[in-house]
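Structural description and commentary
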Amino acid sequence: MTRSVLVEGRPIRVYDGLVALPHVKQLTDAFMGANFVRDEVARADTAGFRHWELNIPLETAPQLMVYQPTLQAVRDFEDGADYRVCRSYCNHAAYGDMLFIHTDIQPGEKGLTALWYIAPEWNAEWGGETLFYNSQMDAEVVVTPKPGRLVVFDGGIPHVGRPPNRICYAPRYTLAFKLQPAVS
């Protein structure tokens, strides 16, 4: 683990070096040729502003080279608790896209999000950070989209992935795994 921070007592953990950069490049190349659709929304009230996503079938997700490292990081995050992937997809954000603050679970639910930054290179001047907010909607944590970085967090923490800046011509790919506690 690279670092661990809290937002109102809920952890956010950042992991670097879990996968080799050539593997990240392979994923980037695969996503560059994929058929993204513009049908993802952050919240019901922002449905007029859809963004690009590629759903990854749950039966395909275990074949991704980041799948097992994700599950290992989640076990570390939850002190060995068992979680299962309930959704897997990749977001594509580019300069000019509008992305909104949201949560990944409903109030009272328990769930984690594991978010991979998929790019063979990233320049801090390109932007694209993920911001995490407290309950007063004040940004408390920022995570830079470094190549191959994984961030694991409580899906109830409000957050937003910002699109790249104008000088960035590369897409900002984030591969997301939504996880729920495994039922015994």
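Our subject in this report is the structure included herewith. (Residues numbered from 1 in each chain as written. Predicted model: local features only at pLDDT ≥ 70, side-chain atom pairs only at ≥ 80, totals over all residues. Heavy atoms only, no water.)

Moving on to the side chain of D97. Within the secondary structure, D97 sits in the loop between strand 5 (83-93) and strand 6 (112-118). A relative accessible area of 13% places D97 in the buried class. A polar contact is formed between the side chain of D97 and the side chain of R38, at a distance of 3.3 Å. Separated by 2.8 Å, the side chain of D97 and the backbone nitrogen of A94 make a polar contact. The residues touching D97, leaving out its near neighbours within four places in the chain, are R38, W52, H92 and P163. (Helix = DSSP H or I, 4+ residues; strand = E, 2+ residues; numbered from the N terminus. Buried < 20%, exposed > 50% of the residue type's maximum accessible area, 1.4 Å probe, protein only. Polar contact = N/O pair within 3.5 Å; in protein donor to acceptor, adjacent residues only side chain to side chain. Contact = heavy atoms within 4.5 Å.)

Considering all chains together, one arrives at nine salt bridges under this definition. When the shortest N-O distance is used, the salt bridge between R43 and D45 registers 2.8 Å. For D45, a relative accessible area of 60% puts it in the exposed group. Each member of the salt-bridge network shares a partner with another, and the members are E40, E53 and R87. (Salt bridge = Lys/Arg side-chain N within 4 Å of Asp/Glu carboxyl O.)

Membership of the largest hydrophobic core comes to 29 residues, with the highest contact counts inside it found for F31, V66, W116, V152, L175, F177 and L179. Of all elements in the fold, only helix 1 (21-32), helix 2 (67-77), strand 5, strand 6, strand 9 (150-154) and strand 11 (172-181) reach the threshold of two or more residues within this core. For L179, the contacting residues outside a window of four places in its chain are L71, V74, Y83, R84, V85, C86, G111, L112 and A114. Grouped together as the second largest cluster of nonpolar side chains are 13 residues, I12, V14, L115 and A176 included. (Core = buried A, V, L, I, M, F, W, Y, C linked by side-chain atoms within 4.5 Å.)

All chains considered together, the criterion is met by seven aromatic pairs. With a centroid separation of 5.1 Å and an interplanar angle of 85°, the aromatic rings of W122 and W126 are classed as edge-to-face. One exposure class covers both W122 and W126, and it is buried. Through a chain of ring-to-ring contacts, the aromatic side chains of F31, F36 and Y173 assemble into a single cluster. Over the aromatic face of Y89 sits the side chain of R87, whose NZ or CZ is 3.8 Å from the ring centroid. (Phe/Tyr/Trp six-rings, centres within 6.5 Å; stacked < 30°, edge-to-face > 60°. Lys NZ or Arg CZ within 6 Å of the ring centre and 35° of its normal.)

What follows deals with the side chain of H159. Tracing the backbone through its elements, the reader meets H159 in strand 10 (residues 159-161). Looking at H159, its side chain comes within polar contact range of the side chain of D104, at 3.3 Å. Those residues in contact with H159 that sit more than four places away from it in its chain are F100, I101, H102, T103, D104, L131, F132, Y133 and F153.

Now for the state of the cysteines. Per the stated rule, a full pass over the model turns up zero disulfides. Distance from the sulfur of C90, which forms no disulfide, to the nearest cysteine sulfur (C168) is 14 Å. Assessed through its relative accessible area of 0%, C90 is described here as buried. (Disulfide = S-S within 2.5 Å.)

For helix 2, the complete set of buried residues consists of Y67, P69, T70, L71, A73, V74 and F77. Tucked inside the fold, the buried residues of helix 2 contact strand 2 (10-15), strand 5, strand 6, strand 9 and strand 11.

One open sheet holds the eight strands; their spatial order is 1-2-9-6-11-5-4-3, and the pairing between them is antiparallel. Each of the sheet's edge strands pairs with one partner strand only, and the pair in question is strand 1 (3-7) and strand 3 (37-40). Neighbour-to-neighbour, the strand axes of the sheet open up by a mean angle of 30°, direction not taken into account. Sitting on the sheet, helix 1 is in contact with strand 4 (51-55), strand 5, strand 6 and strand 11, with an inclination near 90° to strand 6. (Pairing = 2+ DSSP bridges. Axes fitted to C-alpha atoms, helices over the stretch in contact; angles between N-to-C directions.)

Interpretation note: all reported values are geometric properties and have no functional meaning in isolation.
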